[in-house]
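Residues per chain are reported as follows:
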Amino acid sequence: MDGRQLGPLGERACAQALRKRGYRILDANYRTRFGEIDIIALTSHSTIVFVEVKTRRSTSCGIPEEAVHAAKQMRVRRAAICWLGEHGSTIRHIGVRFDVIAVTVTPTDVFIHHVPEAF
């Protein structure tokens with residue numbers, strides 16, 4: 001599996017895990033001039049969650065969630081403002097939050113670590 005396949009695999013695994021936890025996927029790979037949001041979901045308690053997914057093959061260079069640095073967080077926040085401007089009034093919600101989901105893919109398994117309210 002090459003790098004172009006790794007990211008989408010991690011995003012699909014995250015979306016599936018979120019659905020199993022009762023989240024409803026509202027959008028995926030939402031792009032703006034500010035950046036991209038990997039997954040946008042709605043919790044069972046009506047919170048809109050903007051999810052940054054980081055997928056790695058190993059933790060030899062650090063854990064995946066460490067790659068969500070301050071500049072990346074700012075890009076996700078700006079993209080979230082755009083998404084809310086386009087869709088926020090059509091979805092009943094009580095608030096928003098920003099999560100990071102770290103995915104580690106090994107030859108035999110996929111490990112998911114969900115960090116709610118990461119930033």
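Refer to the preceding data block for the structure.
Residues numbered from 1 in each chain as written. Predicted model: local features only at pLDDT ≥ 70, side-chain atom pairs only at ≥ 80, totals over all residues. Heavy atoms only, no water.

## Comments concerning the overall build of the chain
The condition is simple: Runs of E in the DSSP output that reach at least two residues are strands. Runs of H or I that reach at least four are helices, and both are numbered from the N terminus. Radius of gyration here is computed from C-alpha atoms only, and the compact-globule reference equals 2.2 Å multiplied by the residue count raised to the power 0.38. Any pair of residues with heavy atoms lying within 4.5 Å of one another is described as a contacting pair. Residue exposure ignores everything except the shown protein chains as possible cover, and the areas themselves are Shrake-Rupley values with a 1.4 Å probe. Within this scheme the basic residues Lys and Arg register as positive and the acidic residues Asp and Glu register as negative, but His and the chain ends are omitted. In this description, the location of a charge corresponds to atom NZ of lysine, CZ of arginine, CG of aspartate or CD of glutamate.
Scanning the chain for helices and strands turns up two helices and five strands. Taken from the N to the C terminus, the helices and strands of the chain come in the order α-β-β-β-α-β-β. Radius of gyration (C-alpha) of the chain: 14 Å, near the 14 Å computed for a compact globule of 119 residues. Principal-axis analysis of the C-alpha atoms gives the chain an extent of 45 × 30 × 20 Å. Of the contacts made within the chain by residues no fewer than 6 positions apart, 55% connect residues no fewer than 24 positions apart. Per element, the accessible surface of the chain, about 6,900 Å² overall, is 51% carbon and sulfur. Between the centroid of the 17 positive side chains of the chain and the centroid of its 12 negative side chains there is a distance of 3 Å.

## A closer look at the pairing of strand 3 (residues 47-56)
The line we're drawing: Exposed residues in this analysis have more than 50% of their type's maximum accessible area, buried residues have under 20%, and partly exposed residues fall in between, with area computed by a 1.4 Å probe over protein chains only. At least two DSSP bridges between two strands are required for those strands to pair. A crossover counts as right-handed when, viewed with the strands pointing away from the observer, the path leading from the first strand over the helix to the second turns clockwise.
Among the ten residues of strand 3, nine are classified as buried, and the element is accordingly described as predominantly covered. Where strand 2 (residues 36-42) meets strand 3, four bridges bridge the pair, whose relative direction is antiparallel. Residue pairing across strands places Ile39 opposite Val51, the latter belonging to strand 3. In sequence, strand 2 turns back onto strand 3 through a hairpin of four residues, with Ser46 there showing a positive phi of about 70°. Pairing analysis gives ten bridges linking strand 3 to strand 4 (residues 95-105), with the strands arranged parallel. Looking at the pairing, Val49 lines up with Arg97 of strand 4. The parallel pair strand 3 and strand 4, bridged by helix 2 (residues 70-87), forms a crossover whose chirality is right-handed.

## Things to note about the environment of Ile81
Positionally, Ile81 belongs in helix 2. Between the alpha carbons of Ile81 and Val105 there is a distance of 31 Å; along the sequence they are 24 residues apart.

## Description of the environment of Phe98
Tracing the backbone shows Phe98 in strand 4. Judged by relative accessible area, which is 13%, Phe98 ranks as buried. Placed 18 residues apart in sequence, Phe98 and Pro116 show a C-alpha to C-alpha distance of 7.0 Å. Aside from chain neighbours lying at most four places away, what touches Phe98 is Phe50, Val76, Arg77, Ala80, Pro116, Glu117, Ala118 and Phe119.

## Quick notes on the sheet that holds strand 2
Stated precisely, the cut-off is as follows: The convention used is that axes are lines fitted to C-alpha atoms, helices contributing only their stretch in contact, and that angles between N-to-C directions extend from 0 to 180 degrees.
Spatially, the five strands line up as an open sheet ordered 1-2-3-4-5, and their pairing is mixed. In this open sheet, the two strands that pair with only one neighbour each are strand 1 (24-31) and strand 5 (110-115). Looking at each pair of strands side by side, their axes are set apart by 25° on average, direction ignored.

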